[in-house]
Structure formats: C-alpha cells, structure tokens
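Residue-level listing of the chains:
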Amino acid sequence: MKLRLCFWGVRTAWHTEDDGEFFCPDCGGDRAYHRRTGTRRLTVLNVPVLRRGPAGTVIECTACHRQYASDVLLRPTTTRFSAMLRDAVHTIALAVLTAGGATGRPAREAAVGAVRSAGFSDCTEDQLLGLLAAIVADEGRYGASGSGGAPLGPDSFADEVDGCGSWLSIELHEALEPLADHLDPLGRERVLLQGAHIALADGPYLPAEREVLEAVGRCLSLPLTDIDRLLAGAAAAL
C-alpha cells in the first residue's frame with residue numbers, strides 16, 4: 001500500500017470580530033455566536049505561505065460550531081421574540097381601550113388578562129388607565145389632571161380616539177410590523193383576535209374599535225378579506 005503525501009493545500013484562517021446572542025437553527029434555541037472573517041492561505045507541508053483571498057464572513061455558533069450566513073441574525077432570539085409579542089399585545093390592548101373600550105369594565109378586565117398572558121404578569125387596570133390618561137394628555141386633549149381639574153377615569157376616554165390618532169398610527173406600526181415578519185398567517189390572525197376579544201368583551205364593536213382592529217390587521221400584513229372574516233367570526237361567536 002502506497003502512502004500519498006500532500007505537499008500543498010488551502011487552509012482558511014478565521015478571525016473573530018464580534019460576538020453576541022442569536023437563534024441557532026441547528027440547536028433550535030438561543031446561543032452565543034462569534035462573527036468571524038476568513039482568509040484563505042496556500043499551505044506547503046501544512047505551513048501557510050501565500051494568501052489566496054478572503055473567505056467571507058460567517059456567524060458561528062459557539063455550541064454546535066455550525067457556520068451560517070450573516071442574515072441568520074435577522075431572526076430574533078427567543079427572548080427578543082417574546083418581548084416583541086408582549087409589546088404588541090400591550091399596544092393593541094391600549095389602542096382598543098383608547099377607541100372606546102375603556103368605558104366598560106369587561107373590556108378593561110379582558111385587556112388586563114390579555115396583557116398578563118402576553119408576559120406583563122403584574123399589569124393592573126389602574127396601570128392601563130394611567131397609560132391612557134398619559135396618551136390623552138400628550139395629545140393635548142386634557143391636562144394632566146383631566147378636564148376642569150377632575151381626575152381621569154374610564155369615562156374620560158369615550159370620545160378620544162381622534163385625539164390619539166397619531167399615537168395609534170405610530171405605536172401600532174412600530175409594535176406590529178416587525179413582529180409580522182416573524183409570524184406565520186395563523187400567528188398573525190391570533191394576535192388580531194386578541195384585540196377583537198377585548199373589544200367584544202362589553203358588547204358589539206364600536207365604530208372606532210372596528211377601525212383600530214382593521215388598522216391592527218393591516219399592520220400585521222393580513223389581507224382585508226381575512227381581517228373582515230376574522231372580525232366577523234369573533235363577533236358571531238358572542
């Protein structure tokens with residue numbers, strides 16, 4: 001049997017430039033990573049002698065050592081995704097209450113339940129009302145203590161959806177559009193239905209609540225026909 005000696009070859013030398021945490025598809029969970037750039041070198045008798053050009057940039061999992069293209073970092077970590085979902089439900093709850101749901105206790109209780117289930121376990125009705133008061137005051141419709149110095153309560157928000165239009169638009173877009181990229185259609189539908197259940201907790205949709213829910217559906221990249229179907233189905237189930 002003859003042995004063949006390899007006198008030359010090409011080896012890649014890797015240099016770590018950065019590190020962080022990412023979702024590793026191979027491990028199926030959050031892991032630490034190294035961002036590494038490589039340089040190919042010609043070797044003679046296993047000794048590097050000449051550069052053969054760059055090998056590109058990879059993301060390497062420190063647990064399984066699998067290497068990925070840089071776009072793997074576009075997927076949020078499990079921790080980040082949970083926070084995005086929690087913030088989305090919180091924003092939807094506030095939007096529905098601002099559109100008129102704050103006047104009914106069942107809707108307020110449904111909003112608190114949805115927000116708690118999403119991850120804000122210590123959320124209370126008073127906290128949500130306090131945030132609504134700040135939103136209305138920020139839009140200039142009321143002073144910090146309410147109109148005429150009276151404290152703000154649930155009935156203070158019945159006609160304030162127009163005054164909070166800019167807030168609704170900005171917050172819904174910022175909270176929902178990034179999340180929609182990482183949810184399948186069924187997941188996006190479930191997020192919309194959480195808002196629908198809050199709105200329906202104290203009776204049929206108010207026109208302003210329906211408007212807000214349609215905006216939620218659009219921010220979640222749901223087709224208009226699906227939005228109408230889902231909202232009608234939720235109302236019919238009452």
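These numbers were taken from a predicted model, which means no experiment stands behind them.

Engineer: Can you walk me through the packing of helix α5 (residues 185-200) against helix α6 (residues 207-219) in this structure?
Structural biologist: At their nearest, the axes of α5 and α6 sit 9 Å apart, and the two run at 170 degrees to each other. In terms of orientation, α5 and α6 fall into the roughly antiparallel class. Across the interface between the two elements, Leu192, Gly195, Ala196 and Ala199 of α5 pack against Glu209, Leu213, Val216 and Gly217 of α6. Tallied by class, residues from the contact of α5 with α6 come to five nonpolar, two polar and one charged.

Engineer: Any chance you could explain the environment of Leu85 here in plain terms?
Structural biologist: When you line up the elements, Leu85 lands in helix α1 (residues 78-98). Taking the C-alpha atoms as reference points, Leu85 and Leu183, separated by 98 residues in sequence, lie 9.9 Å from one another.

Engineer: I'm lost on the pattern of salt bridges in this one. Help?
Structural biologist: Side chains that carry opposite charge are capable of pairing whenever their charged atoms lie near each other. For the coordinates displayed, the defined rule picks out 10 salt bridges. Close ionic contact of Arg36 with Glu60 constitutes a salt bridge, the shortest N to O distance being 3.4 Å. Placement of the pair is Arg36 in strand β2 (residues 29-44) and Glu60 in strand β3 (residues 47-61), with a sequence separation of 24 residues. Where Arg108 meets Glu125, a salt bridge forms, and the shortest distance between an N and an O atom there is 2.8 Å. Of the two residues, Arg108 is situated in helix α2 (residues 105-118) and Glu125 in helix α3 (residues 125-138); the sequence distance between them amounts to 17 residues. Note on Glu125: relative accessible area 18%, which makes it buried. The network of salt bridges with shared partners includes Arg105, Arg108 and Glu125.

Engineer: What is the right way to look at α6 in this model?
Structural biologist: Structurally, the α-helix is built with 3.6 residues per turn, so residues lying three or four positions apart point the same way. In this model, α6 (13 residues) spans 19 Å end to end at C-alpha, consistent with the 18 Å of a helix rising 1.5 Å per residue. Those residues of α6 that fall on the buried side of the exposure criterion are Ala208, Glu209, Val212, Leu213, Ala215, Val216, Gly217 and Cys219. Once α6 ends, the next one or two residues include Ser221, with phi positive near 65 degrees.

Engineer: Where do I start with α5 in this structure?
Structural biologist: In this model α5 runs 22 Å from its N-terminal to its C-terminal C-alpha over 16 residues, within 8% of the 22 Å that 1.5 Å per residue would give. Those residues of α5 lying buried are Gly187, Arg188, Glu189, Val191, Leu192, Gly195, Ala196, Ile198, Ala199 and Leu200.

Engineer: Which parts of the structure should I look at to understand the packing of α6 against helix α7 (residues 224-236)?
Structural biologist: A pair of packed helices is characterised by two quantities: the angle between their axes and the separation of those axes. At a closest axis distance of 10 Å, the pairing of α6 and α7 adopts a crossing angle of 135 degrees. Here α6 lies oblique to α7, going by the angle between them. The way α6 lies across α7 gives a crossing that is right-handed. For the pair formed by α6 and α7, the contact residues are Arg210, Leu213, Glu214, Gly217 and Arg218 on the first element and Ile227, Asp228 and Leu231 on the second. Classifying every residue of the contact of α6 with α7 gives three nonpolar, one polar and four charged.

Engineer: I would appreciate a short explanation of the packing of aromatic side chains in the present structure.
Structural biologist: What the rule picks out here adds up to two aromatic pairs. With a centroid separation of 5.5 Å and an interplanar angle of 80 degrees, the aromatic rings of Phe22 and Tyr33 are classed as edge-to-face. Placement of Phe22 in strand β1 (residues 8-24) and of Tyr33 in strand β2 is noted, with a sequence separation of 11 residues between them. By the burial criterion, Phe22 is buried, and Tyr33 matches it. One aromatic cluster is present, formed by Phe22, Tyr33 and Tyr68 through successive ring pairs.

Engineer: What is the right way to read the nonpolar core from this model?
Structural biologist: Nonpolar side chains in soluble globular proteins tend to be buried together. Leu176, Leu192, Tyr205, Leu213, Val216 and Leu220 are the most contacted members of the largest nonpolar core, which has 46 residues in total. When residues of this core are traced back to their parent elements, those giving at least two are α1, α2, α3, α4 (165-180), α5, α6 and α7. The leading source of residues in this core is α1, at nine residues. The contacts of Leu176, once residues within four sequence positions are left out, are Ala88, Ile92, Val216, Cys219 and Leu220. Within the second largest apolar cluster, seven residues are counted, among which are Tyr33, Cys61, Tyr68 and Val72.

About the criteria used
Residues numbered from 1 in each chain as written. Predicted model: local features only at pLDDT ≥ 70, side-chain atom pairs only at ≥ 80, totals over all residues. Heavy atoms only, no water. Axes fitted to C-alpha atoms, helices over the stretch in contact; angles between N-to-C directions. Helix = DSSP H or I, 4+ residues; strand = E, 2+ residues; numbered from the N terminus. Parallel < 35°, antiparallel > 145°, perpendicular 65-115°, else oblique. Contact = heavy atoms within 4.5 Å. Nonpolar A, V, L, I, M, F, W, Y, C, P; charged D, E, K, R; others polar. Salt bridge = Lys/Arg side-chain N within 4 Å of Asp/Glu carboxyl O. Buried < 20%, exposed > 50% of the residue type's maximum accessible area, 1.4 Å probe, protein only. Expected span 1.5 Å × (residues − 1). Left-handed = near helix turned anticlockwise from the far one by under 90°. Phe/Tyr/Trp six-rings, centres within 6.5 Å; stacked < 30°, edge-to-face > 60°. Core = buried A, V, L, I, M, F, W, Y, C linked by side-chain atoms within 4.5 Å.

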